[in-house]
Amino acid sequence: PPPPLPPPSRAWEKECPFWVIHPEEYPSLPFVRVNYIEQKYMYRQFLRKEVGDERASGCYNDGVWSGISQGPVNKRSPANHLSPWQSRFIKFNLKNGDPVLCYYKDDSYSKVQGEIPLRESFAGLVDKNDCEKDHPNSFHIRTSPDSEHQGRDFLFSVPTPKEAIDWVQSIRRQSGQESMRSPKNSATPIMGGMELERLNLKRNCAAILEEEGVVYQGKILQREAYAYGRWYSRFAVVSKNTMFMFVEEGGACICALPLLGGKVDKYPLNCDRSVRTPEGSFGVLCALSNVAFDAGSTEEKNKWISALEGSIRPVTIGR
């Protein structure tokens with residue numbers, strides 16, 4: 001029988017960045033939980049990334065986690081009693097090597113109205129009971145007591161809850177602030193039985209291919225994460241029970257996907273707003289990771305899917 005599934009934190013949250021807002025932080029804000037569940041299960045953003053050796057484990061580059069870098073907001077000014085909420089445009093910048101959030105009057109970003117130092121600052125959402133009626137999607141930044149603003153609280157609002165979440169996560173990433181997690185998910189992940197099995201498949205790929213034979217092989221593009229990120233050129237080989245990815249033909253094996261109990265996703269999700277889904281894209285869903293590919297055309301995609309579906313065997317639990 002297959003080994004038992006590991007706890008959710010070892011699989012679905014294996015590569016969750018430190019700045020991601022967790023539902024435990026804001027139990028009274030339902031949209032936080034909805035957003036987290038979508039990123040975790042729908043877009044599979046926290047699963048192990050199958051990208052080989054191009055980047056170090058746990059290093060999130062701007063191509064994947066770009067977040068928000070600039071945009072319009074409403075900023076509250078405690079000094080202005082007639083019109084406390086003012087339209088502003090904010091943008092990340094560096095000052096003497098430290099991250100700052102600058103705010104401007106318009107989107108030309110020509111004249112800085114003020115700067116918020118982000119080093120050791122705290123960014124968070126505002127509870128719905130503390131938000132003003134006309135500004136329900138608010139977030140705040142509390143600067144460090146040692147900064148020039150000496151612990152001042154800056155309050156902003158945006159049109160949607162999703163924008164508020166994106167801003168807070170982007171600010172946390174810049175400042176290095178770690179999100180609060182539930183104690184049940186904070187333990188250091190350990191290697192489970194399925195991960196050991198995959199590691200052994202990768203190490204013994206040559207012997208496995210010789211024993212099982214090659215069903216289909218060829219060049220293909222592999223995505224950095226299942227639903228977002230850059231594409232990498234690969235050479236893939238489908239055997240009787242496993243799919244292997246190599247840096248190039250005859251090169252090092254960087255990933256092994258056991259096909260027992262797996263599934264082919266003919267239309268994988270794409271959460272890159274500015275990038276359309278390639279017509280040759282498909283996904284392979286297996287234990288502990290889901291991987292997206294681009295075969296280049298619908299014809300090639302169908303060939304890969306046919307080979308994979310011929311190698312995938314369902315897992316029957318019980319009688």
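Cut-offs used in this document
Residues numbered from 1 in each chain as written. Predicted model: local features only at pLDDT ≥ 70, side-chain atom pairs only at ≥ 80, totals over all residues. Heavy atoms only, no water. Pairing = 2+ DSSP bridges. Helix = DSSP H or I, 4+ residues; strand = E, 2+ residues; numbered from the N terminus. Axes fitted to C-alpha atoms, helices over the stretch in contact; angles between N-to-C directions. Contact = heavy atoms within 4.5 Å. Expected span 1.5 Å × (residues − 1). Buried < 20%, exposed > 50% of the residue type's maximum accessible area, 1.4 Å probe, protein only. Arc of directions from axis to C-beta. Phe/Tyr/Trp six-rings, centres within 6.5 Å; stacked < 30°, edge-to-face > 60°. Lys NZ or Arg CZ within 6 Å of the ring centre and 35° of its normal.

*Asks:* I tried to follow the sheet that holds strand 6 (residues 138-142) on my own but got confused; where do I start?
*Replies:* Pairing between the strands of a sheet is mediated by backbone hydrogen bonds and can be parallel or antiparallel. Within the open sheet, the 7 strands sit side by side as 4-3-2-1-7-6-5. Their pairing is antiparallel. One side of each edge strand has no neighbouring strand; the edge strands of this open sheet are strand 4 (112-117) and strand 5 (122-125). Averaged over all pairs of adjacent strands, the angle between strand axes in this sheet comes to 35°, irrespective of strand direction. Pairing between strand 1 (residues 70-76) and strand 7 (residues 153-157): 2 bridges, direction antiparallel. Bridging from a neighbouring strand, N74 pairs with S157 of strand 7. Lying over the sheet, helix 3 (residues 161-175) contacts strand 1, strand 2 (85-95), strand 3 (98-104), strand 5 and strand 6, oriented at roughly 165° with respect to strand 5.

*Asks:* Hey, could you run me through the sheet that holds strand 10 (residues 242-246) in this one?
*Replies:* As summarised here, the arrangement of the 7 strands in space is 11-10-9-8-14-13-12, forming an open sheet in which the pairing is antiparallel. Strands with a single pairing partner mark the edges of an open sheet, and in this sheet they are strand 11 (253-258) and strand 12 (263-265). Put simply, the sheet's adjacent strands are angled 35° from each other on average, direction ignored. Pairing between strand 10 and strand 11: 5 bridges, direction antiparallel. What sits directly across from F244, in strand 11, is A256. Strand contacts of helix 5 (residues 205-212): strand 8 (214-223), strand 9 (231-239), strand 10 and strand 11, with the helix running at about 135° to strand 10, the strand carrying the most contacts. Lying on the sheet, helix 6 (residues 298-311) is in contact with strand 8, strand 9, strand 10, strand 12 and strand 13 (281-286); it crosses strand 8 at an angle near 125°.

*Asks:* Please explain helix 6 as it appears in this structure.
*Replies:* Three- or four-residue spacings in an α-helix give side chains the same orientation, since the helix completes a turn every 3.6 residues. Relative to the 20 Å expected for 14 residues at 1.5 Å per residue, helix 6 spans 20 Å between its end C-alpha atoms, a close match to the ideal helical length. When helix 6 is considered as a whole, its buried residues turn out to be K301, W304, I305, A307, L308 and S311. In an axial view of helix 6, the angular spread of the buried residues amounts to 165°, which keeps them on one side of the axis. Among the exposed residues of helix 6, those oriented more than 90 degrees off its buried face are E299 and G310. In this structure, the buried residues of helix 6 make contact with strand 8, strand 9, strand 10, strand 12 and strand 13.

*Asks:* How should I be thinking about the packing of aromatic side chains in this particular structure?
*Replies:* Both the distance between ring centres and the angle between the ring planes are used here to describe each pair of aromatic rings. Going through the model one piece at a time under the given rule, you end up with 8 aromatic pairs. Ring centres of Y104 and Y109 lie 5.1 Å apart, and the angle between their planes is 85°; this geometry places the pair in the edge-to-face category. One exposure class covers both Y104 and Y109, and it is buried. Through pairs of rings, three or more aromatic residues link up here, namely F89, Y104 and Y109. One Lys or Arg, K75, reaches over the ring of Y103 and ends 4.7 Å from the middle of that ring.

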